[in-house]
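Examination of the molecular architecture
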Amino acid sequence: ILIVVVAVVLGLALRPNTDTPKATFVARCKEFKGYDCEKLWGAFEQAYVGRDPCAVPPEAYDPFITAADFKPACNRLMFWSKTKDVVHAFTEKKRDCFLTVEDTVLGSVLNGLTWCGKEGSTETFTTDCPGWRDCVNNTVGSFWNRVSAAFADAACGDVTAMLNGDIDTPFNPTSIFASIEVKRFDSSRVKSLTVVLVTRKSAVTTCTNASLEDLQKELKPGITYNCKDVTEVQLQECSSNPEIACGACW
Ligand code: APR
């Protein structure tokens, strides 16, 4: 009995812990080639560990961005706003065609997680962390702002953005896409931006929408703008047909 008890206790103690942010981070990181995932975690956690969770500016994540060393990717980057589910359902199937930040090591490791530190502690907490609206420099919001800036800096060639055609303002100035990403597209690298305006049920908005005029004004001279109205069904049909070439879905 003693041997069984010792074996069970040891088994429990040594079982890989999958419910801490670190375990999730490292497990997801290992799906990408060429990373020292423990080192990447170290670069990540130094941003917020031991700090007031409302005093973590986006720059605190610079060491993580440097360690992830995300290389410019031409013609494949997919940006989005208010289309989280649709865009990921699409890129999951057309993975070789388009990458969202959540499909790269930059965004995949923390997607859907909450984390923060506390002054005087070396731990990572997952409860009682400030939300996006609670303070400007909150741990989680600053991470997504910084990662989105790095992703936009890597944009090159023809860039795509999936926006929501079921709302009045698909290009919302307060979104990360409008306030950070579009502003960073560099005209010496980015050739064009194609907006794919997706409609689920009732198209409230088409490519003639006023907010999309604002988007065009934000683009640096030299970056060509295109817009396509598509339905979610069209996207689903296209992504489930592997024969259809990249970009031929719209
Ligand atoms: N409050 C809560 N969550 C927010 C907030 C906010 N104010 N802003 C952003 N988020 C989180 C949510 O998890 C949400 O699902 O970011 C996600 C995207 O928010 P959207 O408003 O739909 O889009 P946007 O702000 O434009 O961010 C998406 O940023 O992550 C990058 O490259 C990515 O292009 C994409 C863009």
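Everything that follows concerns the structure shown earlier in this document.
For the structure given in this document, a descriptive report is provided here.

So, how was this worked out
Residues numbered from 1 in each chain as written. Predicted model: local features only at pLDDT ≥ 70, side-chain atom pairs only at ≥ 80, totals over all residues. Heavy atoms only, no water. Disulfide = S-S within 2.5 Å. Helix = DSSP H or I, 4+ residues; strand = E, 2+ residues; numbered from the N terminus. Buried < 20%, exposed > 50% of the residue type's maximum accessible area, 1.4 Å probe, protein only. Contact = heavy atoms within 4.5 Å. Near = heavy atom within 4 Å. Polar contact = N/O pair within 3.5 Å; in protein donor to acceptor, adjacent residues only side chain to side chain. Areas by Shrake-Rupley, 256 points an atom, 1.4 Å probe, with all protein chains shown as cover. Nonpolar A, V, L, I, M, F, W, Y, C, P; charged D, E, K, R; others polar. Pairing = 2+ DSSP bridges. Axes fitted to C-alpha atoms, helices over the stretch in contact; angles between N-to-C directions. Left-handed = near helix turned anticlockwise from the far one by under 90°. Phe/Tyr/Trp six-rings, centres within 6.5 Å; stacked < 30°, edge-to-face > 60°.

All right, on to the state of the cysteines then. As used in these notes, a disulfide is a covalent bond between sulfur atoms, one from each of two cysteines. Inspection of the entire model under this criterion finds seven disulfides. Here cysteine 238 connects covalently by a disulfide to cysteine 249, the sulfurs 1.8 Å from one another. In this structure the cystine formed by cysteine 238 and cysteine 249 twists about its S-S bond by roughly -70°; its chirality is therefore left-handed. You can see cysteine 238 sitting in helix α10 (residues 232-239) and its partner cysteine 249 sitting in the segment after α10, a full eleven residues away along the chain. The buried category is assigned to cysteine 238, whose relative accessible area is 5%. Overall, cysteine 249 belongs to the buried group, its relative accessible area being 7%.

Attention now goes to helix α2 (residues 21-29). Turning to α2, its buried residues are Pro21, Ala23, Thr24, Phe25, Val26 and Cys29. Contact partners of the buried residues in α2: α3 (37-45) and α4 (62-68).

Near the ligand, the surroundings consist of 15 residues, among which Ser81, Lys82, Ile176, Phe177 and Glu181 are the closest. With respect to the ligand, the side chain of arginine 133 contributes an N or O atom lying 3.3 Å from a nitrogen atom. In the complex, the protein chains occlude 75% of the 680 Å² of accessible area that the ligand would expose alone. Those elements that place two or more of their residues in the shell around the ligand are β2 (78-81), α7 (139-153) and α8 (176-184). Split by residue class, the shell around the ligand holds seven nonpolar, three polar and five charged.

Below, the discussion takes up the pairing of strand β3 (residues 155-164). Counting buried residues in β3 gives nine out of ten residues, a clear majority hidden from the surface. Pairing analysis gives four bridges linking β2 to β3, with the strands arranged parallel. Across the sheet, the residue bridging to serine 81 is leucine 163, located in β3. Relative to strand β4 (residues 190-199), β3 runs parallel, the two sharing eight bridges.

Contact pair α7 / α8: the axes reach a minimum separation of 8 Å and the direction vectors enclose 35°. Relative to α8, α7 is oriented so that their crossing is right-handed. Here Trp144, Asn145, Ser148, Ala149, Phe151, Ala152 and Asp153 of α7 lie close against α8, whose contacting residues are Ile176, Ile180, Glu181 and Arg184. In the contact of α7 with α8, the residues fall into six nonpolar, two polar and three charged.

On to the packing of aromatic side chains. For any pair of aromatic rings, the description rests on two quantities: the centre-to-centre distance and the angle between the ring planes. Under the criterion given, the structure shown has 21 aromatic pairs. Judged by centre distance (5.5 Å) and plane angle (45°), the ring pair of phenylalanine 90 and tryptophan 250 falls under tilted. Of the two residues, phenylalanine 90 is situated in helix α5 (residues 84-93) and tryptophan 250 in the segment after α10; the sequence distance between them amounts to 160 residues. Both residues of the pair, phenylalanine 90 and tryptophan 250, count as buried. By way of ring pairs, the aromatic residues Phe25, Trp41, Phe44, Tyr48, Tyr61, Phe64, Trp115, Phe143 and Trp144 are connected into one cluster.

Looking at the secondary structure, you find lysine 33 in the loop between α2 and α3. Sequence separation between lysine 33 and isoleucine 180 is 147 residues; the distance between their C-alpha atoms is 28 Å.

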